[in-house]
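Structural description and commentary
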Amino acid sequence: MNELVSIIIPTYQSEKYISATIQSVQNQIHTNWEIILVDDASTDTTMAIVKAMAKDDSRIKYIELHQNSGTGIARNTALNQAQGRYIAFLDADDLWKPEKLSIQLAFLNKHKVPFTFSAYDCIDEDGNPMNKRVVPPQKLTYRQLFFCNYIGNLTGIYDTHFFGKIPISSSRKRQDWMHWLTLLKKIKKANAVPESLAYYRVRTHSLSASKFDLIQHNFAVYKDHHGYNWPVALACMAVFLITQLAIKPFYIKRLSKPI
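Figured I'd write up the structure that's included with this text. Sequence order sets the numbering: in each chain, residues are counted from 1 along the sequence as written. Local features in this predicted model are restricted to residues whose pLDDT is 70 or higher, and side-chain atom pairs enter the listing and the counts only when it is 80 or higher, whereas totals over whole chains, interfaces and linings include all residues. Derived side-chain values reflect all non-hydrogen atoms in the structure, with water molecules and hydrogen atoms excluded from consideration.

Some words on the overall build of the protein chain
Under the scheme used here, helices are H or I runs from DSSP no shorter than 4 residues and strands are E runs no shorter than 2 residues, and both carry numbers assigned from the N terminus. Along the protein chain, the regular secondary structure elements total 9 helices and 13 strands. Put simply, the radius of gyration uses C-alpha atoms, and a globule should come to 2.2 Å times the residue count raised to 0.38. Over its C-alpha trace the protein chain gives a radius of gyration of 18 Å, about what one expects of a compact globule, namely 18 Å for 259 residues. On the principal axes, the C-alpha backbone points of the protein chain span a range of 55 × 40 × 40 Å. When accessible area is computed with a 1.4 Å probe and restricted to protein chains, residues below 20% of their type maximum are described as buried, those above 50% as exposed, and intermediate ones as partly exposed. Taken across its 259 residues, the protein chain has 47% of its residues classed as buried. Should any heavy atoms of two residues lie within 4.5 Å, those residues are considered in contact. A separation threshold of at least 6 residues defines the contact pool for the protein chain, and within that pool the share at least 24 residues apart is 79%. All accessibility values rest on the Shrake-Rupley procedure with a 1.4 Å probe; residue burial counts only the protein chains present in the view. Accessible area for the protein chain stands at about 12,300 Å²; split by element, carbon and sulfur atoms hold 53% of it. Charged-residue counts in this description rest on Lys and Arg as positive and Asp and Glu as negative, His and the chain ends being excluded. Charge positions are represented by NZ for Lys, CZ for Arg, CG for Asp and CD for Glu. Computing the positive centroid from 31 side-chain charges and the negative centroid from 22, the protein chain places the two 10 Å apart.

Points about the sheet that holds strand β1 (residues 5-11)
Pairing between strands is defined by DSSP: at least two bridges between the two strands are required. On the basis of which strands lie adjacent, the open sheet formed by 6 strands has the order β3-β2-β1-β4-β10-β6 and mixed pairing. Either end of the sheet is taken by a strand with one partner, and the two such strands are β3 (60-64) and β6 (115-116). The pairing of β6 with strand β10 (residues 157-159) spans 2 bridges and is antiparallel. If you follow Phe115 over to β10, its bridge partner there is Tyr158. Lying on the sheet, helix α1 (residues 18-26) is in contact with β1, β2 (33-39) and β3; it crosses β2 at an angle near 160°. What counts as an axis is a line fitted to C-alpha atoms, over the stretch in contact for a helix, and the angles between N-to-C directions run from 0 to 180 degrees.

A short note on the side chain of Thr160
Its location among the elements puts Thr160 in helix α6 (residues 160-163). At a separation of 2.7 Å, a polar atom in the side chain of Thr160 contacts the main-chain carbonyl oxygen of Arg85. What Thr160 contacts, discounting residues up to four positions off in sequence, is Gly84, Arg85, Ile87 and Lys165. The term polar contact refers here to a pair of N or O atoms within 3.5 Å; inside protein, the definition further demands a hydrogen-donor-capable atom paired with an acceptor-capable atom, and it admits residues adjacent in sequence only when both atoms are side-chain atoms.

Thoughts on the nonpolar core
Within the largest apolar cluster, 39 residues are counted, with the highest numbers of intra-cluster contacts made by Phe115, Leu145, Tyr158 and Tyr222. Residue assignment for this core shows that the elements contributing at least two residues are β2, α3 (71-81), β4 (86-89), α5 (142-147), α7 (175-187), α8 (211-225) and α9 (230-246). In terms of residues, this core owes the most to one element, α7, which gives 7 residues. Sequence-distant contacts of Leu145, defined by excluding residues within four places in its chain, comprise Leu140, Tyr150, Ile151, Trp177, Trp180, Leu181 and Leu184. With 28 residues, the next largest nonpolar core counts Val5, Ile60, Leu101 and Tyr120 among its residues. In these notes, a set of buried Ala, Val, Leu, Ile, Met, Phe, Trp, Tyr and Cys residues joined through side-chain atoms within 4.5 Å is what counts as a nonpolar core.

In structure tokens:
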């Protein structure tokens, strides 16, 4: 399968990581891809780095926003320009393993499914292994996803021949979860590739590192995205918290040796 894959990368003040992120795409075994990178009005050297890399690789395309608008708008801007049959997502500080796209495309083709995702390994801010792997349910239902986002944004890939281009929320936070919920609502369940295909960078001040912020933004998903009133949204959050504390830890594996 040699279909074009459009890879959406939003950037903001990403000078420390962006070259490694792009290089992880350039190292893919599957070479028929395009990067659609949208910079959200960075004031550092992010765009200078991207432009230099794009000069040597025509598959790298970039757009500069003149006003900081958030990752939702940046991703949607990229999505509008995407030409590939498949849409994949990668944040500006994360990395893919070289076999990521080739394995997922083969999986989609073999199982005749329009969407998949995978496990991923965690690295610290400096790229050192944390010996921790997040392994999602191999068969994920909409109901499971409703109460916990098991899908790492850096691992998801979907087929536009089945879904079309799915618009991304302009919300500044949790667009990825809302995006996956939209897909799963249509197909009811999805299967994960049973391998780790990416590296997620855990940063000190990231949303996922702030549990209080995470709760606030997840509550907003129930209230605003799903349109529930306060009592229903609070009830959903109660189940969400139980899932986070009692169930999700079983999907986080400690590795006995460096990854």
